[in-house]
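Structural overview for review
Here is how the chains run, residue by residue.
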Amino acid sequence: MFFEHLPVDLIAEILGELDLESLIQMSYISKRFHLIASDTSLNPWRKPIMRNLRANSYGPALKHLSVRLTVPRQNWIDLLALAKPSFILFDATLPNLRAAEWEESFKRRFLPSWEKWKKETSWKEAFFKVLHRVWHRSVTSCTTDEAWTKYIVLNRSGTANELETSSRNFNPLTIFNEMKYELRCHSPSSSHQFIHRLQNNLSHLETRIRLVLELSDVRILAFGVLVKPRSDFNVNPNAHLLLNPPGITPDSSDGYALSKMTAKINASGLIDDHGVYPRSTSTVPSVLFKEYRNPSAAYRRLTHPEPAPAHANYPFYTSGAGI
């Protein structure tokens, strides 16, 4: 057969365009196809597996993929990092993985701070313990294990505050609107005064919500307002650095790209961003001035934890999703 005599890398590329059911059948047609499908360096399984994960398609072929000896075990790290919790916990037939592979799966799926749940247990036990907590929290309103929720407020002064509130009452939209506008009403007949206070001159602006980053189990949202600044003091430097890192533009290449900021530095040494970035040292906190004057030279695609498919290119520009 002519197809079977093609170079192995070309055969692997063609096999990678098949759906999982067809690839399983092809891997058992001949010894040559069996060896190509089993080769960890060629790995034609990754493309169809990733297509299924992006499409949220969890058919029988994917559920019982671990029984196929031709599937390299490295594909299960992708599955454990990106598949929905209910599929991993209740549907999938999982293979036997080494401790190092469970550790890699944990670090690619969960936030670094969640490693505190490992304690003295194995990485496999820690993975399932945290994943079950995530699934339980997503399908119920139970807050027994998470009575308090922490959030960060980025101030226009260049400072940041880490605050916390009861998880049952946590509503970020309400919290931000209270920062914009505060109204205290008291009975005119009493001795109390009627207090009407505007917060930061933002009450007339619409609250905007931006999805900064989506991971498998976590979404990072930014609440704020958008308006053309009338002066340097109306710019929130922390928020701008978070949402628009210097050098990240729609034409930024992926991988280990160098930021192209040389052309954007004006005579004063500050980034010239058409009035969006502050233009004077008096409006840039000293802790942030270095980033404005000499932004980081290189960015790397986030891999630990691994973003959801829609944000796979983060922190580089992703059309319609995040930065």
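Keep in mind that this is a model prediction, so the values were computed, not measured.

Helices and strands together make up the secondary structure of the chain, namely 12 helices and 8 strands. Across the 323 residues of the chain, 37% fall into the buried class. If you take every contact in the chain between residues at least 6 apart in sequence, the share linking residues at least 24 apart comes to 56%. Working note: accessible area of the chain is about 19,300 Å², and carbon and sulfur atoms make up 53% of it.

This brings us to the confidence of the model for the chain. For the chain, the mean per-residue pLDDT works out to 78, and 74% of the residues sit at or above 70. Below pLDDT 50 for its whole length, residues 183–199 participates in 23 contacts with residues either more than four positions away or in separate chains.

Among the nonpolar cores identified, the biggest contains 47 residues, and Trp45 and Leu65 are the most heavily contacted of them. Of all the elements, helix H9 (residues 123–139) adds the most residues to this core, at 6 residues. Setting aside chain neighbours within four positions, we find leucine 65 in contact with Leu20, Ile24, Trp45, Ile49, Val71 and Trp76.

For any pair of aromatic rings, the description rests on two quantities: the centre-to-centre distance and the angle between the ring planes. Scanning the entire structure with this criterion turns up 10 aromatic pairs. Consider the rings of phenylalanine 90 and tryptophan 135, whose centres lie 5.0 Å apart with planes at 70°: the pair is edge-to-face. Here phenylalanine 90, found in helix H7 (residues 85–91), pairs with tryptophan 135, found in helix H9; they are 45 residues apart in sequence, far enough to count as distant. When its relative accessible area of 48% is taken as the criterion, phenylalanine 90 is described as partly exposed. We classify tryptophan 135 as partly exposed; its relative accessible area is 23%. With 5.7 Å between their ring centres and 85° between their planes, phenylalanine 127 and phenylalanine 128 make a pair best called edge-to-face. Taken together, the ring pairs connect Trp102, Phe106, Phe110, Trp114, Trp123, Phe127 and Phe128 into an aromatic cluster.

A few words on the pattern of salt bridges. Inspection of every chain in the model, using the stated rule, returns 9 salt bridges. For aspartate 78, the salt bridge is made with arginine 46, and the minimal N-O distance between the two is 3.1 Å. Separated by 32 residues along the polypeptide, aspartate 78 in helix H6 (residues 75–82) and arginine 46 in helix H4 (residues 46–54) bring together distant segments of the chain. In this structure, aspartate 217 engages arginine 109 in a salt bridge whose closest nitrogen and oxygen atoms are separated by 2.8 Å. Here aspartate 217 is found in the loop between strand E5 (208–214) and strand E6 (219–224), whereas its partner arginine 109 is found in helix H8 (residues 99–109), with 108 residues between them in sequence. Classification of arginine 109 by relative accessible area gives buried; the value is 2%. Residues participating in the shared-partner salt-bridge network are Arg46, Asp78, Arg108 and Glu306.

A few words now on H6. Most of H6 sits out of view: 8 of its 8 residues are buried. Buried within H6 we find Asn75, Trp76, Ile77, Asp78, Leu79, Leu80, Ala81 and Leu82. Buried residues belonging to H6 abut H4, helix H5 (60–63), H7, H8 and H9.

Moving on to the side chain of glutamate 101. If you trace the backbone, glutamate 101 turns up in helix H8. Classification of glutamate 101 by relative accessible area gives buried; the value is 12%.

Reading guide: rules and limits
Residues numbered from 1 in each chain as written. Predicted model: local features only at pLDDT ≥ 70, side-chain atom pairs only at ≥ 80, totals over all residues. Heavy atoms only, no water. Helix = DSSP H or I, 4+ residues; strand = E, 2+ residues; numbered from the N terminus. Buried < 20%, exposed > 50% of the residue type's maximum accessible area, 1.4 Å probe, protein only. Contact = heavy atoms within 4.5 Å. Areas by Shrake-Rupley, 256 points an atom, 1.4 Å probe, with all protein chains shown as cover. pLDDT = per-residue confidence, 0-100. Core = buried A, V, L, I, M, F, W, Y, C linked by side-chain atoms within 4.5 Å. Phe/Tyr/Trp six-rings, centres within 6.5 Å; stacked < 30°, edge-to-face > 60°. Salt bridge = Lys/Arg side-chain N within 4 Å of Asp/Glu carboxyl O.

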